[in-house]
Amino acid sequence: MDTEKTTMIRGRPQTCMLVAGYFAYLLVGALIFHVLEWEVETKPQDRLSRLKEDFLKNFTSLSPAEVEVFVQNLMEAIRMGIYPRGNELPTKHSNWDFSNSFFFVGSTLSTIGYGNLAPKTAGGQLFCVVFALFGIPLNIVFLHHIGKILSLLCERLAKCLHQRGVKKKRTRFLTLMFFLLMGILVFICAPSVIFRKMEGWTYSEAIYFAFITLSTIGFGDYVIGRQHEKNYFPGYRILVAIWIIFGLAWIALLFNLLTTLLEDPEKKPEQKFLQDETVMRNETNTERCPSARFLHEGDAPFHPVEDGQKNQS
C-alpha cells in the first residue's frame, strides 16, 4: 500500500505536466486555425448573401437553368459549413471562431472526422497535417494515461469492498459493473440530456450521437452547434470537446473488455480488467527498478548450487 501511494505521489507531477501540455497543444492549435481560416471564411459568406438576396428579388423570373445554378451554389455553401437559414445574414456567424476551432482540433486529434468543417486555405491545410501528425500520438498517450487513472480508481473500489468482507469474485463483478454503469451514466446518458435540450433532438438521437462520437465513427449526420438560430451558451463546443476527450478513454477500456470477452469467452472480463491493473502496476515498479525488468523479461535466475548438485549426480 505504501509503495502504491509513493508511486501515485511521484506520478502526479508527470500527470499534471501531461494534462497541461495536452490542453496547451489544443489551445495553440485552435488559436492558429482561428487566425488562418477566420478572415478567408468571410468571402464565401458575402458571396452567398448576395446570391440569396438576388434570388429573393428575382425568383419569379428565373429560368430552370438559373435555379439549378442557385441550388448548386447552396449545396457548395453547405459543404463548406455555411448554412443560409433564416432572414439573418450568415456573416453574423463564424465557423472558425475560437469555440468552433477548439471543437475542430479536439475532433481532429480524436480522429472522429465529422466532415462538416475543414480548413480551406493552403496554410490551414498544411498546418492541419503537421498538427495531426504530432497531436494524434500525443492524444493516444494522454488517453492511455487517463485509462490508467480510471483503472486505479476501480482498483481502489475493489480493495475497499474486499476490506469490508465482500468475497473476491463478487468484488470483481461489482467493480466491473460500477465501471460500466457509471461510464454509461456519465459519458452517454447525462450528456444526451444536455444535447437533447441544446440541439432539439430526441433522446434517442442524442444517445446515438454520443455513442457514434465516442466510438470515433463520426458519420457527421448529427453534429452539435450547427443550428445558428439557437443561442448556445458560451463555451458549449469547448465543453463538448473536453467530454469527447475523456469519454474516449472510458470507451477504449470498455472496448478492450469486450474484445477480451469475444476472444476468450471462458475468461471472465473482470479478471482481465484486474489483470490489466496488475500489469500497469508491475510496469511502474519495473521502470523504477531495472533489475526487476531483467528478471521479468528474462529466464529464471541462475542457481549455481543446484546446477553443481545436478552435475555431481
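*Asks:* Help me get a handle on the packing of helix H3 (residues 98-109) against helix H4 (residues 122-163), residues and values and all.
*Replies:* The interhelical angle for the contact between H3 and H4, taken along N-to-C directions, is 60 degrees, at an axis separation of 9 Å. It follows that H3 is oblique to H4 by the angle criterion. Judged by the twist between their axes, the crossing of H3 over H4 is right-handed. Here Phe104, Val105, Thr108 and Leu109 of H3 lie close against H4, whose contacting residues are Cys128, Phe131, Ala132, Gly135, Ile136 and Asn139. Tallied by class, residues from the contact of H3 with H4 come to 7 nonpolar, 3 polar and no charged.

*Asks:* Outline the nonpolar core, supporting the account with residue identities and numerical values.
*Replies:* Phe195 and Trp243 are the most contacted members of the largest nonpolar core, which has 48 residues in total. Secondary-structure elements contributing two or more residues to this core are helix H1 (2-58), H3, H4, helix H5 (168-199), helix H6 (203-214) and helix H7 (236-263). When residues of this core are assigned to their parent elements, the largest contribution, 13 residues, is made by H7. If we ignore the near neighbours within four places in the chain, the residues touching Phe195 are Gly200, Trp201, Ala206, Phe209, Ile224, Tyr236, Val240 and Trp243.

*Asks:* Pulling in residues and values, what's your account of the packing of H5 against H6?
*Replies:* Contact geometry for H5 and H6: axes closest at 8 Å, N-to-C directions at 125 degrees. Taken together, the axis directions place H5 and H6 in an arrangement best described as oblique. By crossing handedness, the relation of H5 to H6 is classed as right-handed. Judged by residue contacts, Phe187, Ile188, Cys189, Ser192, Val193, Phe195 and Arg196 of H5 engage Tyr203, Ala206, Ile207, Phe209, Ala210, Phe211 and Leu214 from H6. In terms of residue class, the contact of H5 with H6 is made up of 12 nonpolar, 1 polar and 1 charged.

*Asks:* With reference to specific residues and values, describe the environment of Phe246.
*Replies:* Looking at the element boundaries, Phe246 is found in helix H7. By relative accessible area, which is 28% here, Phe246 ends up partly exposed. Sequence separation of Phe246 and Ile146 is 100 residues, and the distance between their C-alpha atoms is 7.5 Å. Apart from residues no more than four positions distant in its own chain, Phe246 is found in contact with Phe23, Phe142, Ile146 and Phe187.

*Asks:* So what's going on with the packing of aromatic side chains? Residues and values would help.
*Replies:* Within the structure shown, the criterion is met by 25 aromatic pairs. Here the aromatic rings of Phe142 and Phe246 are separated by 6.0 Å at their centres, their planes lie at 70 degrees, and the arrangement is edge-to-face. Of this pair, Phe142 sits in helix H4 while Phe246 sits in helix H7; the two residues are 104 residues apart in sequence, bridging distant segments of the chain. For the pair Phe195 and Phe209, a centre-to-centre distance of 5.1 Å together with 85 degrees between the ring planes defines the contact as edge-to-face. Highlighted residues: Phe195 in helix H5 and Phe209 in helix H6, separated in sequence by 14 residues. Ring pairing ties together the aromatic residues Phe103, Tyr114, Phe195, Trp201, Tyr208, Phe209, Tyr222 and Trp243, which thus form one cluster.

*Asks:* An account of the confidence of the model for the protein is requested, with residue identities and associated values reported.
*Replies:* With 77% of its residues at a pLDDT of at least 70, the protein reaches an overall mean of 80. The secondary-structure element of the protein with the lowest mean pLDDT is helix H9 (residues 290-297), recorded at 39, while H6 shows the highest, at 96. Ignoring residues within four places in sequence, the model shows residues 286-313, a span with pLDDT below 50, making 7 contacts including any to other chains.

*Asks:* Explain H3 residue by residue, including any values.
*Replies:* Taking 1.5 Å per residue as the helical rise, H3 with its 12 residues ought to reach 16 Å, and the 17 Å between its terminal C-alpha atoms agrees with that figure. Most of H3 sits inside the fold, with 11 of its 12 residues counted as buried. Of the residues making up H3, those classed as buried are Ser99, Asn100, Ser101, Phe102, Phe103, Phe104, Val105, Gly106, Ser107, Thr108 and Leu109. Two residues or fewer after H3 comes Thr111, characterised by a positive phi angle close to 60 degrees.

*Asks:* Pulling in residues and values, what's your account of unusual backbone geometry?
*Replies:* For Thr111, which is not a glycine, the phi torsion comes out positive at approximately 60 degrees. Located in the positive-phi region is Thr216, a residue other than glycine, with phi close to 60 degrees. Within the secondary structure, Thr216 sits in the loop between H6 and H7.

*Asks:* Got a sec to walk through the environment of Leu185? Specific residues and values, please.
*Replies:* One can find Leu185 in helix H5. Setting aside its immediate chain neighbours within four residues, Leu185 contacts Ala190 and Pro191.

*Asks:* With reference to specific residues and values, describe the pattern of salt bridges.
*Replies:* Per the counting criterion, the structure on display carries 1 salt bridge. Here Glu155 and Lys159 are joined by a salt bridge, their closest N and O atoms 3.9 Å apart. With Glu155 and Lys159 both in helix H4 and 4 residues apart, the pair spans about one turn of that helix.

*Asks:* Any chance you could break down the side chain of Thr213 for me, citing the residues and the numbers?
*Replies:* Among the structural elements, Thr213 can be located in helix H6. Judged by relative accessible area, Thr213 falls into the buried class, the value being 0%. If near-sequence neighbours (up to four positions away) are discounted, Thr213 is found in contact with Ile112, Tyr114, Trp243 and Ile244.

Conventions used here
- Per-chain numbering applies: the sequence of each chain, read as written, is numbered from 1 onward.
- Note on the predicted model: pLDDT of at least 70 is required for a residue's local features to be given, and 80 or more for side-chain atom pairs to be given and counted; whole-chain, interface and lining totals, by contrast, use all residues.
- Heavy atoms throughout the structure, all of them, feed into the side-chain values; hydrogens and water do not.
- Axis geometry follows a simple rule: fit a line to the C-alpha atoms, using only the stretch in contact for helices, then measure angles between N-to-C directions, giving values from 0 to 180 degrees.
- Numbered from the N terminus, helices here are DSSP runs of H or I no shorter than four residues, and strands are runs of E no shorter than two.
- Angular relationships are summarised with four words: roughly parallel below 35 degrees, roughly antiparallel beyond 145, roughly perpendicular across 65 to 115, and oblique for the angles in between.
- Crossing handedness follows the turn of the near helix against the far one: under a right angle anticlockwise gives a left-handed crossing, and clockwise gives a right-handed one.
- Contact between two residues is taken to exist if any of their heavy atoms lie within 4.5 Å; hydrogens are not considered.
- Here the nonpolar group is Ala, Val, Leu, Ile, Met, Phe, Trp, Tyr, Cys and Pro; Asp, Glu, Lys and Arg are the charged ones; every other residue, Gly included, is treated as polar.
- In this description, a nonpolar core means a group of buried Ala, Val, Leu, Ile, Met, Phe, Trp, Tyr and Cys residues linked to one another through side-chain atoms lying within 4.5 Å.
- Whether a residue is buried, partly exposed or exposed follows from its accessible area with a 1.4 Å probe, protein chains only, as a fraction of its type maximum: under 20%, in between, or over 50%, in that order.
- Side-chain rings of Phe, Tyr and Trp (the six-membered ring for Trp) are treated as a pair once their centres are within 6.5 Å; stacked means planes under 30 degrees apart, edge-to-face means over 60, and tilted covers the remaining angles.
- One confidence number per residue, pLDDT, is output by the predictor and ranges from 0 to 100.
- Residue count minus one, scaled by 1.5 Å, sets the expected span of a helix.
- By convention in these notes, a salt bridge is any Lys or Arg side-chain nitrogen within 4 Å of a carboxyl oxygen on Asp or Glu.

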